[in-house]
Amino acid sequence: MKRTLSLLLAAALGLGLLSGCAPASAAKELTAPKLSTTPANSEEVNKALSVFGLELLKKSRDANAETAMTSDMDHVPFSTLVSPLSVALALSMTANGADGETLAQFQEVLGGGADLIELNGACVQLMQDYQSLGGSTKCSIANSLWVDPDGQIKDDLIGKCRGVFDAQVFQGELSAPGIVGDLNGWVSDHTNKMIPNIIDQPFDENTALLLVNALYLKNKWLSEFDPLSTREMDFHHAGGPDSQVEYLRKFDTQLSYLNGKGAQGVVLPYDDGRLAFVAILPDLYPDSPDLGQWLNNLEGNSLSQLIINREDALFLSFAMPKFSAEWKGNLEDILPPLGLEDAFVPGAADFSNMGDNPEGYFINQVIHATKIEVNEQGTEAAAATVVAPASGAAAPQEGITLILDRPFLYGIVDLHTGVPLFLGTYE
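Being a predicted model, the structure only gives us computed values, none of them experimental.

**Points about the overall build of the protein**
- Summing up its helical and strand segments, the protein has eight helices and 17 strands in all.
- Sorting the 427 residues of the protein into buried and exposed places 57% on the buried side.
- Across the protein, the fraction of contacts at a sequence separation of at least 24, relative to all contacts at a separation of at least 6, is 81%.
- In the form shown here, the protein has an accessible surface area of approximately 17,200 Å², with 48% of it arising from carbon and sulfur atoms.

**Quick word on the nonpolar core**
- Counting residues in each nonpolar core, the largest one holds 113 residues, and the members touching the most others are F106, Y130, F277, F318, M320 and L335.
- If one sorts the elements of this core by residue count, helix 4 (residues 116-130) sits on top with eight residues.
- Contacts of M320, omitting those with residues within four sequence positions, involve W221, F225, E246, Y247, L248, L268, F277, V374 and L404.
- Within the second largest apolar cluster, 18 residues are counted, among which are F170, L183, I198 and L210.

**A short note on the pairing of strand 17 (residues 420-426)**
- Counting buried positions over the seven residues of strand 17 gives seven, a clear majority of the element.
- Sheet topology places strand 3 (residues 80-82) next to strand 17; three bridges connect them, and they run antiparallel. Of the residues in strand 17, the one forming a bridge with T80 is T425.
- Two elements, strand 16 (residues 408-414) and strand 17, share six bridges in a ladder whose sense is antiparallel. Residue pairing across strands places G411 opposite L423, the latter belonging to strand 17.
- Two successive antiparallel strands, strand 16 and strand 17, enclose a turn made up of five residues, where G418 displays a positive phi of approximately 85°.

**Things to note about the packing of helix 4 against helix 5 (residues 155-165)**
- Direction vectors running N to C along helix 4 and helix 5 enclose 40°, while the axes themselves pass 10 Å from each other. Viewed along their axes, helix 4 and helix 5 adopt a mutual orientation that is oblique. Where helix 4 approaches helix 5, its residues L116, N120, C123, V124 and M127 are matched on the opposing element by K160, V164 and F165.
- Grouping the constituent residues of the contact of helix 4 with helix 5 by class yields six nonpolar, one polar and one charged.

**Some thoughts on the confidence of the model for the protein**
- Per-residue confidence for the protein gives a mean pLDDT of 85, with 84% of residues at or over 70.
- Confidence scores differ between elements of the protein, with strand 1 (residues 4-13) showing the lowest mean pLDDT of 63 and helix 3 (residues 100-111) the highest of 97.
- Confidence drops under pLDDT 50 across residues 15-25; counting only partners more than four residues distant or on other chains, this segment forms 27 contacts.
- Here residues 380-397 is a poorly scored stretch, pLDDT under 50, and it has 35 contacts once near neighbours within four places are set aside; other chains count.

**Remarks on the packing of helix 2 (residues 84-95) against helix 3**
- One can describe the packing of helix 2 onto helix 3 by two numbers: an axis separation of 10 Å at closest approach and a directional angle of 150°. When the axes of helix 2 and helix 3 are compared, the pair comes out roughly antiparallel. Where helix 2 crosses over helix 3, the handedness of that crossing is left-handed. Counting all contacts with helix 2, which are made through A88, L91, S92, T94 and A95, the residues of helix 3 involved are L103, F106 and L110.
- The residue inventory of the contact of helix 2 with helix 3, partitioned by class, reads six nonpolar, two polar and no charged.

**Some points on helix 2**
- If you check helix 2, its first and last C-alpha atoms are 16 Å apart, about what 12 residues at 1.5 Å a residue would give, namely 16 Å.
- The buried fraction of helix 2 is high, at 12 of 12 residues.
- When helix 2 is considered as a whole, its buried residues turn out to be P84, L85, S86, V87, A88, L89, A90, L91, S92, M93, T94 and A95.

**Remarks on helix 4**
- Here helix 4 is 15 residues long and its end C-alpha atoms lie 21 Å apart, about the 21 Å a rise of 1.5 Å per residue gives.
- With respect to burial, helix 4 is a largely interior element, 12 of its 15 residues being buried.
- Within helix 4, the full set of buried residues consists of L116, L119, N120, G121, A122, C123, V124, Q125, L126, M127, D129 and Y130.
- You can read the cap of helix 4 off the contacts: a side-chain oxygen lies 3.3 Å from the backbone nitrogen of I117, and it is on D115.

**What to know about the pattern of salt bridges**
- Counting across every chain of the model gives seven salt bridges.
- With a shortest N-O distance of 4.0 Å, E246 and K322 are connected by a salt bridge. Of this pair, E246 sits in strand 8 (residues 243-260) while K322 sits in the loop between strand 11 (311-321) and strand 12 (323-330), and the two are 76 residues apart along the sequence.
- E246 gets classed as partly exposed once you look at its relative accessible area, which sits at 37%.
- Here E373 makes a salt bridge to K371, at a shortest N to O gap of 3.9 Å. By the burial criterion, E373 is buried, and K371 matches it.
- Linked by salt bridges that have partners in common, D129, R274 and D414 make up one network.

**Quick word on the side chain of S144**
- Take S144: it is sitting in strand 4 (residues 138-147).
- Judged by relative accessible area, which is 0%, S144 ranks as buried.
- A distance of 2.9 Å separates polar atoms of two side chains, one belonging to S144 and the other to W146.
- Sequence-distant contacts of S144, that is, excluding residues within four places in its chain, are made with M93, A167, Q168, F170, W186, L210, L211 and V212.

**Description of the environment of V169**
- Along the polypeptide, V169 turns up in strand 5 (residues 168-171).
- C-alpha of V169 to C-alpha of G159: the two residues are 10 residues apart in sequence and 9.6 Å apart in space.

**Remarks on the pairing of strand 12**
- Of the two faces of strand 12, the one holding F323, A325, W327 and G329 is buried and the one holding S324, E326, K328 and N330 is not buried anywhere.
- Where strand 12 and strand 13 (residues 362-374) come together, eight bridges link them in antiparallel fashion. Residue pairing for strand 13: W327 is matched across the bridge by T370.

Procedures and definitions
- Residues numbered from 1 in each chain as written.
- Predicted model: local features only at pLDDT ≥ 70, side-chain atom pairs only at ≥ 80, totals over all residues.
- Heavy atoms only, no water.
- Helix = DSSP H or I, 4+ residues; strand = E, 2+ residues; numbered from the N terminus.
- Buried < 20%, exposed > 50% of the residue type's maximum accessible area, 1.4 Å probe, protein only.
- Contact = heavy atoms within 4.5 Å.
- Areas by Shrake-Rupley, 256 points an atom, 1.4 Å probe, with all protein chains shown as cover.
- Core = buried A, V, L, I, M, F, W, Y, C linked by side-chain atoms within 4.5 Å.
- Pairing = 2+ DSSP bridges.
- Axes fitted to C-alpha atoms, helices over the stretch in contact; angles between N-to-C directions.
- Parallel < 35°, antiparallel > 145°, perpendicular 65-115°, else oblique.
- Nonpolar A, V, L, I, M, F, W, Y, C, P; charged D, E, K, R; others polar.
- pLDDT = per-residue confidence, 0-100.
- Left-handed = near helix turned anticlockwise from the far one by under 90°.
- Expected span 1.5 Å × (residues − 1).
- Polar contact = N/O pair within 3.5 Å; in protein donor to acceptor, adjacent residues only side chain to side chain.
- Salt bridge = Lys/Arg side-chain N within 4 Å of Asp/Glu carboxyl O.

What follows is the structure in structure tokens.
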């Protein structure tokens with residue numbers, strides 16, 4: 001009997017034009033009446049998404065660190081990268097099928113207690129805002145539902161996901177081999193082929209529905225890094241040997257400086273005037289906590305407050321690794337401690353607004369995949385040789401020196417709302 005749900009969340013940053021999505025070969029695209037909602041900015045939802053993003057990164061990193069510790073390879077550097085926005089959008093679609101205490105938990109975790117109408121409106125507002133940014137930013141947010149013929153999914157849920165989240169709807173046997181190529185193709189198309197394979201096998205025969213989000217983002221720095229300044233330097237990995245990596249560098253330049261919460265960092269704006277790349281380095285003292293301990297000490301919206309309290313400052317020298325990172329993992333053990341306890345428990349989960357199966361539904365799988373590349377031109381999938389404008393000021397006598405040569409936190413954030421689109425650790 002079809003009764004389980006799977007959420008697949010693909011998020012990528014990359015370079016290039018978006019390719020179109022071809023119809024699925026084994027799954028048939030459906031149409032249904034659209035039940036739309038009015039976009040509306042919500043401070044409560046934005047604040048909740050900021051808190052959710054930090055907690056998602058912390059729990060994901062803890063799970064990643066535990067896996068690394070139990071592996072046979074000692075002192076192997078690991079990185080964690082999640083897209084809170086991608087996860088939140090897929091979960092928000094799912095919330096439209098929930099009721100009772102299960103719905104209340106979705107509303108609390110994703111909206112800070114806001115009702116479903118406000119949560120939906122805020123999601124629509126964010127999707128519209130990010131897909132219409134200025135400058136050279138390119139952002140695509142795509143959603144889809146994959147409905148099993150035996151899933152007994154209600155037309156009302158399908159209509160909401162189509163109208164509110166602009167989701168494509170496909171129908172096909174989710175346990176059949178053809179779903180692998182169909183779903184991977186859809187995700188690949190909507191992440192500019194940066195995530196070509198999110199699954200490698202069909203789903204369990206009890207899977208009733210897939211709720212899928214794909215996020216693609218390409219940004220350019222407001223002030224680019226001079227490729228002639230890029231050079232190799234040591235990076236000091238925690239508990240392991242140093243490695244030589246290429247560093248992006250700036251000298252004698254004005255940047256936004258972060259200082260507080262036992263750390264210092266920088267805000268590197270993109271040319272769209274709203275999104276920015278942030279990098280934060282815990283202070284180094286004899287008794288200072290490492291990155292993991294420092295991160296776990298952050299609570300609530302302390303990360304967004306640190307960014308809000310940024311001040312312009314003169315940097316004598318700034319350097320950070322030129323890097324690419326990717327992460328793929330499951331979140332079904334990570335999301336319940338964040339407040340979504342009932343949704344993953346058979347019998348306790350209340351998804352009565354999702355379908356007509358008398359046995360009900362519960363979430364049994366959440367797959368998340370991310371990728372980012374950072375270079376002289378911006379956060380792109382290919383390096384570019386671009387010379388940044390030189391500073392017109394005389395060499396200063398005082399200023400800040402910040403070299404990110406040991407484990408640090410980074411992310412892409414919305415400077416207007418505090419919503420994190422991506423958060424990761426470079427270790």
